[in-house]
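Examining the three-dimensional arrangement
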Amino acid sequence: MKKNNLLVASLLTASLLWACESKKSESTQGTSDSLKIEQSAFGKVSDSTQATLYTLHNAAGTTVQISDFGGTIVSWTAPDKNGKFDDITLGCDSLAGYQKGVPYFGALIGRYGNRIAKGQFTLDGKSYSLAKNNGPNALHGGLKGFDKVLWKATPIEGEEPSLKLTYTAKDGEEGYPGNLSVEVVYTLQKDNSLKIDYKATTDKATVVNLTNHAYFNLKGGFDSDILDHEVTLNADKFLPVDATLIPTGELKPVAGTPFDFTKSSKIGARINDTKDEQIKFGLGYDHCWVLTDSTKNLKLAASVYEPTSGRVLEVFTTEPAIQFYTGNFLDGTITGKGGKVYKHRFGLCLETQHYPDSPNKPKFPSTVLKPGETYETTTVYKFSVKK
Ligand code: GLA
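These remarks concern the structure in this document. Keep in mind the model is a prediction, meaning the values are calculated, not measured. (Residues numbered from 1 in each chain as written. Predicted model: local features only at pLDDT ≥ 70, side-chain atom pairs only at ≥ 80, totals over all residues. Heavy atoms only, no water.)

**Description of the pairing of strand E2 (residues 50-57)**
- Most of E2 is tucked away: seven of the eight residues are buried.
- Here strand E1 (residues 38-44) runs beside E2; their pairing, made up of six bridges, is antiparallel. When the sheet's bridge partners are listed, Ser40 is paired in E2 with Leu53.
- In this structure, the hairpin formed by E1 and E2 is closed by a connection of five residues. (Buried < 20%, exposed > 50% of the residue type's maximum accessible area, 1.4 Å probe, protein only. Helix = DSSP H or I, 4+ residues; strand = E, 2+ residues; numbered from the N terminus. Pairing = 2+ DSSP bridges.)

What follows is the structure, encoded as structure tokens:
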């Protein structure tokens, strides 16, 4: 009898303790169930590997979905002036769509964002050859860049949930020197901003330029182009390019050109000004703007306002430049999420970065990373509304 009582008492204590433990883990995981990071199958990468989709929520109602395949932002909701949330980023419903080869929708870009002329560069007296995957040039890290690899993901729950992604690119991968260990942390913040922290280290001198390639359409619905979006770029110079979109090396003042976005201007106002050679080369805007504030502080680089929805997107970065691309290569051949067809200029990209082709332009800020150094940059995309 005594023995039985003891057994009951210890079972009771154990279950009480278990209940406390589970309460404790709930409270460290977030303040409510809605803040949990959900995981769902996203598709088969190979016979033995699967991609996962992680869904991050904040208390303000924003949801961001990110896959470990390419570190891709698959969807991202933001409220309009009436509080209605819409997905504002282009993408595909499943992994199969991304595997068909879409133009970097929402993906992490590396090891080198944008173009390297003729797929070649020299570092410490050695020359390196990269795949020419964009006419005569190398683009966005190569044939299998960081947008097409499976990252290791660690979800970190809390009021400001994060997804930590890591990937080690091998020495010689896509032609680049050095084993490069990369860590990217996406954090959905309380104020409806998504912070992206990039870090990398190497065991051999290499070049690094990491960014994210989200395509935004702030109207939501994906039924129209982005020409009515109003853009401000805190940049008084941009980098003119040649016919293959490689910077000429000149830093050209924007004043008096269709590239002047120092004051808010509708994208459509000057995008078809084909008297301008640079507009002709870019088929619209597809250029790198040099930020007026060249410090490594987190500063406002760009803002976008869409008048129908009232949505405002602000981009803050520690980087010195931003590639503003107006979806000029979208041509209606891609059907994205929910069966929506992505037509000409249905999305815009604001890719924070160092300048394209820096490995071949000694006068541009250096993109060289050496052993013992840490590459570290931060970009924040923040949504709000203007009524
Ligand atoms: C970048 C480039 C563009 C284009 C897109 C992807 O933003 O600058 O020219 O290649 O990526 O289509």
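Text resumes after the structure shown.
**Quick notes on the sheet that holds strand E4 (residues 73-79)**
- In spatial order, the strands read E1-E2-E3-E4-E5; together these five strands make up an open sheet with antiparallel pairing. Each of the sheet's edge strands pairs with one partner strand only, and the pair in question is E1 and strand E5 (85-87). Strand-to-strand twist of the sheet, defined as the mean angle between neighbouring strand axes without regard to direction, takes the value 20 degrees.
- Where E2 lies against strand E3 (residues 63-67), five bridges are found, and the strand directions are antiparallel. By the bridge assignment for E3, Leu56 is matched with Val64. (Axes fitted to C-alpha atoms, helices over the stretch in contact; angles between N-to-C directions.)

**Focus on the site of the ligand**
- Looking at the ligand, there are 14 residues lining it, with Arg115, His140, His213, Asp286 and Glu351 nearest.
- Between the ligand and the protein, one listed contact pairs an oxygen atom with a side-chain N or O atom of His213 at 2.9 Å.
- A distance of 2.3 Å separates an oxygen atom of the ligand from a polar side-chain atom of Asp286.
- A total of 300 Å² of accessible area belongs to the ligand in isolation, and the protein chains cover 95% of it.
- Along the lines of polarity and charge, the residues of the shell around the ligand split into seven nonpolar, four polar and three charged. (Near = heavy atom within 4 Å. Polar contact = N/O pair within 3.5 Å; in protein donor to acceptor, adjacent residues only side chain to side chain. Areas by Shrake-Rupley, 256 points an atom, 1.4 Å probe, with all protein chains shown as cover. Nonpolar A, V, L, I, M, F, W, Y, C, P; charged D, E, K, R; others polar.)

**Comments concerning the sheet that holds strand E17 (residues 230-233)**
- Spatial strand order, E11-E12-E13-E14-E29-E23-E22-E17-E20: nine strands in an open sheet with antiparallel pairing. Of all the strands in the sheet, just strand E11 (152-156) and strand E20 (265-266) have a single pairing partner and so form its edges.
- Strand direction decides the pairing type here: E17 and E20, joined by two bridges, are antiparallel. Opposite Val231, over in E20, you have Ser265 as the bridge partner.

**Section: the nonpolar core**
- Phe216, Trp289, Phe324 and Leu350 are the most contacted members of the largest nonpolar core, which totals 59 residues.
- It is strand E13 (residues 180-188) that provides the largest number of residues to this core, a total of five residues.
- Not counting the four nearest positions on each side in its chain, Phe216 is found in contact with Trp76, Ile88, Ile226, Leu313, Phe346, Gly347, Leu348, Tyr381 and Phe383.
- In this structure, Phe42, Ala51, Leu53 and Tyr342 belong to the second largest nonpolar core, which totals 19 residues. (Core = buried A, V, L, I, M, F, W, Y, C linked by side-chain atoms within 4.5 Å. Contact = heavy atoms within 4.5 Å.)

**Section: the side chain of Gln353**
- Here Gln353 shows up in strand E27 (residues 349-353).
- Residues contacting Gln353, with those up to four places away along its chain left out, are Asn114, Asn209, Cys288, Glu319, Pro320, Ala321 and Gln323.

**Focus on the packing of aromatic side chains**
- A complete count under the given rule lists 27 aromatic pairs for this structure.
- With 5.8 Å between their ring centres and 75 degrees between their planes, Phe222 and Tyr342 make a pair best called edge-to-face. Here Tyr342 lies in strand E26 (residues 341-342) and Phe222 lies in the loop between strand E16 (211-212) and E17, a separation of 120 residues in the sequence. For the pair formed by Phe222 and Tyr342, the shared burial category is buried.
- Ring geometry for Phe261 and Phe324: centres 5.7 Å apart, planes at 85 degrees, overall edge-to-face. Taken as a pair, Phe261 in the loop between strand E19 (252-253) and E20 and Phe324 in strand E24 (residues 321-325) lie far apart in primary sequence, 63 residues in all. When sorted by exposure, Phe261 lands in the same class as Phe324, which is buried.
- Taken together, the ring pairs in this structure connect Phe105, Tyr215, Phe222, Tyr325, Phe329 and Tyr342 into an aromatic cluster.
- Of note, Lys386 hangs over the ring of Tyr305, and the distance from its end group to the ring centre comes to 4.0 Å. (Phe/Tyr/Trp six-rings, centres within 6.5 Å; stacked < 30°, edge-to-face > 60°. Lys NZ or Arg CZ within 6 Å of the ring centre and 35° of its normal.)

**Focus: the side chain of Ser193**
- Among the structural elements, Ser193 can be located in strand E14 (residues 193-202).
- Classification of Ser193 as buried rests on a relative accessible area of 1%.
- If near-sequence neighbours (up to four positions away) are discounted, Ser193 is found in contact with Thr187, Leu188, Val380, Tyr381 and Lys382.

**Notes on the environment of Thr335**
- Considering the arrangement of structural elements, one finds Thr335 in strand E25 (residues 334-335).
- Look at Thr335 and you get partly exposed, because its relative accessible area is 48%.
- Considering only alpha carbons, one finds Thr335 and Asp93, 242 residues apart in sequence, at a separation of 9.7 Å.
- Among residues more than four places away in sequence, those in contact with Thr335 are Lys340 and Val341.

**Some points on the pattern of salt bridges**
- Taken as a whole, this structure holds 13 salt bridges when the rule is applied.
- Ionic pairing is found between Asp147 and Lys148, a salt bridge with its closest N-O pair at 2.8 Å.
- Residue Asp147 is classed as buried on the basis of its relative accessible area, which comes to 7%.
- Overall, the relative accessible area of 31% leaves Lys148 in the partly exposed class.
- Each of the salt bridges in this network shares a partner with another, and the network as a whole consists of Lys84, Asp86 and Arg311. (Salt bridge = Lys/Arg side-chain N within 4 Å of Asp/Glu carboxyl O.)

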